[in-house]
Amino acid sequence: MKKPVPSLFLLIGVAAVVISVLAAEILIVKVQSTNLRSGPKFYAPIVQTLKAGDRLEKISAQPDGWIQAKIPGGTVGWIHTSAVQVQKFDLLALDRGLKTQASASEVALAGKGFNKQVEESYRAKHAEISFIWVDRMLAIKIPAERVEEFIKNGKLGEWRGAR
């Protein structure tokens, strides 16, 4: 009986790595900012804060909309599907040669909303508009304990009773 050639094992190993990298589902954060959490709950402790355009690798998914993902530094956590989208690569229509989908960076830019220059220009053109309340709302930070209390009191999520 012949012994397997060691280079065959190396070739199989390299092929497995290449296949797993190509098969990995890459997600892009599509909202201005969101949190990677330690568990699949909106009130779970924050592992890392993410911003629009950040990339994650999908590990697994739950039917209730939570995705376990890994960020480039290797940190693993949970993020809700409402904050991410699958990265798309088909940018050209084969029959027309026209761009039919936005790139990940274009989606990230659109998800950021007003940038500083656009906001300053808009404020200058519309001096009659007060942004005080918008600025105050953006400054509000709700502690995770209050979010959990709200969800429990409203009988939402896992406390909604029958599924």
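If you're wondering where the values come from, they're calculated on a predicted model, not measured in any experiment.

**Q** Honestly, a nonpolar patch on the surface in this entry has me stumped. Any pointers?
**A** Taken together, the side chains of Ile132, Trp133, Val134, Met137, Leu138, Ile140 and Ile142 define a hydrophobic patch exposed on the protein surface, amounting to about 770 Å² of accessible area. Note on placement: Ile142 falls in the loop between α4 (132-139) and α5 (144-153).

**Q** Which parts of the structure should I look at to understand the layout of surface pockets?
**A** Gaps left between atoms are located by rolling a probe of water-molecule size over the structure's atoms. In this structure, the largest pocket spans a volume of roughly 570 Å³. In this structure, the largest pocket is lined by 22 residues; those nearest its centre are Ser33, Thr34, Asn35, Arg37 and Phe42. Mapped by element, the contributors of at least two residues to the lining of the largest pocket are β2 (33-37), β3 (46-51), β6 (76-80), α4 and α5. For the lining of the largest pocket, the leading source of residues is β2, giving four residues. Class assignment for the residues of the lining of the largest pocket results in 14 nonpolar, six polar and two charged. The volume enclosed by the second largest pocket comes to roughly 270 Å³. The residues that make up the lining of the second largest pocket include at least three from each of domain 1 (1-112) and domain 2 (114-163).

**Q** Would you mind showing me how to read unusual backbone geometry here?
**A** Trans peptide bonds make up most of the peptide bonds, and negative phi angles are found at most residues other than glycine. Here the phi dihedral of Lys155 falls at roughly 50°; this positive angle occurs in a residue that is not glycine. As for its placement among the helices and strands, Lys155 is situated in the segment after α5.

**Q** I'm lost on the packing of aromatic side chains in this one. Help?
**A** Each aromatic ring pair is described using two quantities: the centre-to-centre distance and the angle formed by the ring planes. By the definition in use, this model includes two aromatic pairs. Ring centres 6.3 Å apart and planes at 80° place the aromatic pair Tyr122 and Phe131 in the edge-to-face group. On the accessibility criterion, Tyr122 (33% relative accessible area) is partly exposed. The ring centre of Trp133 lies 4.5 Å from the NZ or CZ of Arg136, which sits over that ring.

**Q** Help me understand the pairing of strand β5 (residues 66-70) in this model?
**A** In summary, the side chains of a regular strand alternate between the two faces of the sheet. Bridge analysis of strand β4 (residues 55-61) against β5 gives four bridges, and the strand direction is antiparallel. Bridging across to β5, Glu57 finds its partner in Lys70. With antiparallel pairing between neighbouring strands as the criterion, β4 and β5 make up a hairpin whose turn holds four residues, including Gly65 at a positive phi of roughly 100°. Strand direction decides the pairing type here: β5 and β6, joined by five bridges, are antiparallel. Paired with Ala69 across the strands is Gly77, a residue of β6.

Rules and cut-offs
- Residues numbered from 1 in each chain as written.
- Predicted model: local features only at pLDDT ≥ 70, side-chain atom pairs only at ≥ 80, totals over all residues.
- Heavy atoms only, no water.
- Patch = residues over 30% accessible without salt bridge, like charges linked within 9 Å, V, L, I, M, F, W, Y side chains within 5 Å.
- Areas by Shrake-Rupley, 256 points an atom, 1.4 Å probe, with all protein chains shown as cover.
- Salt bridge = Lys/Arg side-chain N within 4 Å of Asp/Glu carboxyl O.
- Helix = DSSP H or I, 4+ residues; strand = E, 2+ residues; numbered from the N terminus.
- 1 Å grid on protein atoms, 1.4 Å probe; cavity = no way out; pocket = protein on both sides within 12 Å on 5 of 7 lines; lining within 4 Å.
- Points joined across faces, edges and corners; volume = space filled by probe spheres on them.
- Nonpolar A, V, L, I, M, F, W, Y, C, P; charged D, E, K, R; others polar.
- Domains from an automatic or database assignment.
- Phe/Tyr/Trp six-rings, centres within 6.5 Å; stacked < 30°, edge-to-face > 60°.
- Buried < 20%, exposed > 50% of the residue type's maximum accessible area, 1.4 Å probe, protein only.
- Lys NZ or Arg CZ within 6 Å of the ring centre and 35° of its normal.
- Pairing = 2+ DSSP bridges.

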